[in-house]
Amino acid sequence: MTAPTAVLREMRWWDIEPVLELEHELFPEDAWSAGMFWSELAHARGPRATRRYVVADDPATGRIVGYAGLAAAGDLADVQTIAAARDQWGTGLGARLLTDLLRAATAFECAEVLLEVRVDNTRAQKLYERFGFEPIGFRRGYYQPGNVDALVMRLTDPAQATTESTESNG
């Protein structure tokens, strides 16, 4: 019997506390603060929205098992954060979250999407490569306080990537 699939929905202010719990579990050294999430959500609704934040709910438990966020400016989008609970690794949740963000980038009319990923997070790097992201540089000591470098990756056609990922996952 397969576990029920997590349901993606728009992140709202009442999701910040459970998201922070997951954030601290997954990124103990460089977790975002509540203020950072509040600031991002302030730009996620209304006619001038420039952000897309989603959470993934486990329908069996009601627990938030993943979240992701994107910021758009002009024709450029940036994946701000993406995370799946450890018990969700390998279920395709990361790909579903990323697909949602890339659809949002397309809706924001962004021609490119950038992201930073820890150089030691090969699992995430492989996910991004599957979607067509390519490495374009490094940000030395980007993740603090651990002083871990970030690999900067770019996707040049988010609309094409969501089409291809849907076809290959369908």
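Residues numbered from 1 in each chain as written. Predicted model: local features only at pLDDT ≥ 70, side-chain atom pairs only at ≥ 80, totals over all residues. Heavy atoms only, no water.

Visitor: Which residues make up the nonpolar core, and what are the values?
Guide: Counting residues in each nonpolar core, the largest one holds 48 residues, and the members touching the most others are Leu98, Val113, Tyr128 and Phe133. Among the elements that line this core, the one with the most residues is helix α3 (residues 93–107), at eight residues. (Core = buried A, V, L, I, M, F, W, Y, C linked by side-chain atoms within 4.5 Å. Buried < 20%, exposed > 50% of the residue type's maximum accessible area, 1.4 Å probe, protein only. Helix = DSSP H or I, 4+ residues; strand = E, 2+ residues; numbered from the N terminus.)

Visitor: Describe the sheet that holds strand β5 (residues 112–118), naming the residues involved and giving the relevant values.
Guide: Read across the sheet, seven strands follow the order β1-β2-β3-β4-β5-β7-β6 without closing on themselves; strand pairing throughout is mixed. Of all the strands in the sheet, just β1 (7–10) and β6 (134–143) have a single pairing partner and so form its edges. Averaged over all adjacent pairs, the angle separating strand axes in this sheet is 25 degrees, with direction ignored. The sheet contact formed by β5 and strand β7 (residues 148–155) spans six bridges and is antiparallel. By the bridge assignment for β7, Leu115 is matched with Met153. (Pairing = 2+ DSSP bridges. Axes fitted to C-alpha atoms, helices over the stretch in contact; angles between N-to-C directions.)

Visitor: Residues and numbers for a nonpolar patch on the surface, please.
Guide: Together, Trp13, Trp14 and Trp38 make up a nonpolar patch on the protein surface, roughly 400 Å² of accessible area in all. Locating Trp38 in the fold gives a position in helix α2 (residues 34–41). For Trp38, a relative accessible area of 45% translates into the label partly exposed. (Patch = residues over 30% accessible without salt bridge, like charges linked within 9 Å, V, L, I, M, F, W, Y side chains within 5 Å. Areas by Shrake-Rupley, 256 points an atom, 1.4 Å probe, with all protein chains shown as cover. Salt bridge = Lys/Arg side-chain N within 4 Å of Asp/Glu carboxyl O.)

Visitor: Could you give an account of the environment of Ala68, naming the residues involved and the relevant values?
Guide: As for its position among the elements, Ala68 is in strand β3 (residues 64–73). Put simply, Ala68 and Leu93 are 25 residues apart on the chain and 11 Å apart in space, counted from C-alpha to C-alpha.

Visitor: Talk me through the layout of surface pockets; I want residue IDs and the actual numbers.
Guide: Roughly 1,100 Å³ of internal volume is contained in the largest pocket. Lining the largest pocket are 38 residues, with Phe27, Ile82, Asn121, Ala124 and Tyr128 positioned closest to its centre. With seven residues, the top contributor of residues to the lining of the largest pocket is strand β4 (residues 76–84). For the lining of the largest pocket, a count of residues per class yields 19 nonpolar, nine polar and 10 charged. (1 Å grid on protein atoms, 1.4 Å probe; cavity = no way out; pocket = protein on both sides within 12 Å on 5 of 7 lines; lining within 4 Å. Points joined across faces, edges and corners; volume = space filled by probe spheres on them. Nonpolar A, V, L, I, M, F, W, Y, C, P; charged D, E, K, R; others polar.)

Visitor: Give me the lowdown on α2, citing residues and values where you can.
Guide: Every buried residue of α2 is accounted for by Phe37, Glu40 and Leu41. Viewed end-on, α2 has its buried residues packed into an arc of 95 degrees, placing them on one side of the element. Where α2 is buried, its residues contact α1 (16–26), β2 (51–57), β3 and β4. (Arc of directions from axis to C-beta. Contact = heavy atoms within 4.5 Å.)

Visitor: Tell me what's going on with the confidence of the model for the protein chain, and back it up with residues and numbers.
Guide: Looking at the protein chain, the pLDDT average stands at 91 and 92% of residues meet or exceed 70. Between residues 166–170, whose pLDDT stays under 50, and residues either more than four places distant or in other chains, the model counts two contacts. (pLDDT = per-residue confidence, 0-100.)

Visitor: Which residues make up unusual backbone geometry, and what values do they have?
Guide: Cis geometry is adopted by the peptide bond preceding Pro145, which originates at Gln144 and carries an omega value of 10 degrees. Position of Pro145 relative to the elements: it lies in the loop between β6 and β7. Positive phi, normally seen in glycine, also occurs at Glu109, with a value near 65 degrees. Even without being glycine, Asn147 reaches a positive phi, approximately 60 degrees. Structurally, the position occupied by Asn147 is in the loop between β6 and β7.

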